[in-house]
Amino acid sequence: MTVSTTNIWNQTYESTGSGSGIIYKIDGDDVYVATNNHVVDGATSVSVSITGEEQVFATLVGKDAENDLAVIKVSKEALVSAGVSEVKAAQFVSTDQAEIGETVLAIGNALGEGKTVTMGIISAKNKDISVDGNNLTVLQTDAAINPGNSGGALVNLDGQVIGINTAKTGSESIEGMGYAIPSYVAVSVIDQLIENGTVEKPYLGVVCFTITDNFRKMYNIDITGVFVQEVNSGSAAEKAGIRATDIITAVNGTTITSQADLQNIISGLSVGDSITIDFVRNGREAMSTTAVLENYNEF
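Conventions we followed
Residues numbered from 1 in each chain as written. Predicted model: local features only at pLDDT ≥ 70, side-chain atom pairs only at ≥ 80, totals over all residues. Heavy atoms only, no water. Helix = DSSP H or I, 4+ residues; strand = E, 2+ residues; numbered from the N terminus. Buried < 20%, exposed > 50% of the residue type's maximum accessible area, 1.4 Å probe, protein only. Salt bridge = Lys/Arg side-chain N within 4 Å of Asp/Glu carboxyl O. Expected span 1.5 Å × (residues − 1). Arc of directions from axis to C-beta. Pairing = 2+ DSSP bridges. Phe/Tyr/Trp six-rings, centres within 6.5 Å; stacked < 30°, edge-to-face > 60°.

K.L.:
Provide a residue-level description of unusual backbone geometry, including the pertinent values.
P.N.:
Within the chain, aspartate 68 stands out as a residue other than glycine whose phi angle is a positive 55°. Checked against the element boundaries, aspartate 68 lands in the loop between strand S6 (56–64) and strand S7 (69–75). Using a relative accessible area of 6% as the deciding quantity, one classes aspartate 68 as buried. The phi dihedral of asparagine 282 is positive, around 60°, even though this residue is not glycine. Relative to the elements of secondary structure, asparagine 282 occurs in the loop between strand S19 (274–281) and strand S20 (285–292).

Okay, here's the thing in structure tokens:
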């Protein structure tokens, strides 16, 4: 994988990185490989190696930043030309079949040194964590997951994929805990990426926090809603005229009392939906505007 980077002197240079992937589907000459979004995000070129000896150019099919998943594809003909005569898709099974305490294997390309396998157990299911600002529901395992393992398979002892390795927690006082995206999430997202090249996620484009009693007392206001801390450039909110320091009080006539309220309303809508936003500017001026929701994965 090659990533183009610009330094503080505005000079562009290229660096390389490594990650892991899973052969998900073979359709004619197309071999689809699932991996993490953060493995390919920002890359100017991506190549795939099956045996560790060859490097075959791959193209990006689509990516979903929110679920940290991406799909790339490579030509079967190109693999054959590189000496790889046979490839086989992995078997994904429902995470519901996995049990806490079950032995699992984390397969990948740890530290970029080629094929690696580590062993552990599943220690939690459906655990919520935050990775790079995104909330993920994951499987937790004590199988060692190291840099380069991202995008690799978490498999049961029958070799069936139950998750896609995505992150780890570690420090001097903590033995590493690894996390994998459950197969039921991964399969749904991957199928959409292969079919459409994207996963449509309705996106308003504001960073907000809930107006609390302390906030009201501090600024001597009597407003219920969410305070807009930041408006993302080019977003639906910016186009609709929402500004930082505005307070959103309602969407489509529904009162907003918390950041979770706003998130739940937006997530229940569709890309392209037009919404009415009521808000207060400068702590006193009631205003209203219309925004057309956009696709999070196109930003």
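K.L.:
Can you lay out the pattern of salt bridges for me, pointing to particular residues and giving the numbers?
P.N.:
According to the stated counting rule, one finds 7 salt bridges in the structure shown. Put simply, aspartate 30 and lysine 73 hold a salt bridge, and the shortest N to O gap is 3.9 Å. With aspartate 30 in strand S4 (residues 30–35) and lysine 73 in strand S7, this pair connects stretches of sequence that are 43 residues apart. You can call lysine 73 partly exposed: its relative accessible area is 28%. With its nearest N and O atoms 2.6 Å apart, the salt bridge here joins glutamate 294 to lysine 239. With a gap of 55 residues between them, glutamate 294 in strand S21 (residues 294–295) and lysine 239 in helix H5 (residues 236–239) connect regions that are remote in the sequence. Overlapping salt bridges bring together Asp64, Glu66 and Lys201 as one network.

K.L.:
Explain helix H3 (residues 183–196) to me, using residue names and the numbers behind them.
P.N.:
It helps to recall that an α-helix has 3.6 residues per turn; residues three or four apart then point in one direction. Over its 14 residues, H3 runs 19 Å from end to end, which matches the ideal 20 Å to within 8%, given 1.5 Å per residue. Buried within H3 are the following residues: Ser183, Val185, Ala186, Val189, Ile190, Leu193 and Ile194. For H3, the angular spread of buried residues about the axis comes to 150°, placing them on one side. Exposed residues lying more than 90 degrees from the buried face of H3 are Glu195 and Asn196. Residue glycine 197 follows H3 closely and has a positive phi angle near 80°.

K.L.:
I'd like a description of the environment of valine 138, backed by residues and values.
P.N.:
Position of valine 138 among the secondary structure elements: in strand S10 (residues 134–141). Classification of valine 138 by relative accessible area gives buried; the value is 0%. Expressed as a C-alpha distance, the spacing of valine 138 and alanine 124, which sit 14 residues apart in the sequence, is 8.4 Å.

K.L.:
Got a sec to walk through the pairing of S4? Specific residues and values, please.
P.N.:
S4 sits mainly inside the fold: 5 of its 6 residues count as buried. Where strand S3 (residues 22–27) lies against S4, 5 bridges are found, and the strand directions are antiparallel. Across the sheet, the residue bridging to isoleucine 22 is alanine 34, located in S4. What sits between S3 and S4 in their antiparallel hairpin is a turn of 2 residues, with glycine 28 showing a positive phi close to 65°.

K.L.:
Break down the packing of aromatic side chains for me, citing the residues and quoting the values.
P.N.:
In the structure shown here, the tally under the stated rule is 6 aromatic pairs. Arranged with centres 5.2 Å apart and planes meeting at 75°, the rings of tyrosine 24 and phenylalanine 92 form a pair that is edge-to-face. With tyrosine 24 in strand S3 and phenylalanine 92 in the loop between helix H2 (76–81) and strand S8 (103–108), the pair connects residues that are 68 residues apart, well separated along the chain. With respect to class, tyrosine 24 is no different from phenylalanine 92; both count as buried. Among the aromatic side chains, those forming a connected cluster through ring pairs are Phe209, Phe215, Tyr219 and Phe227.

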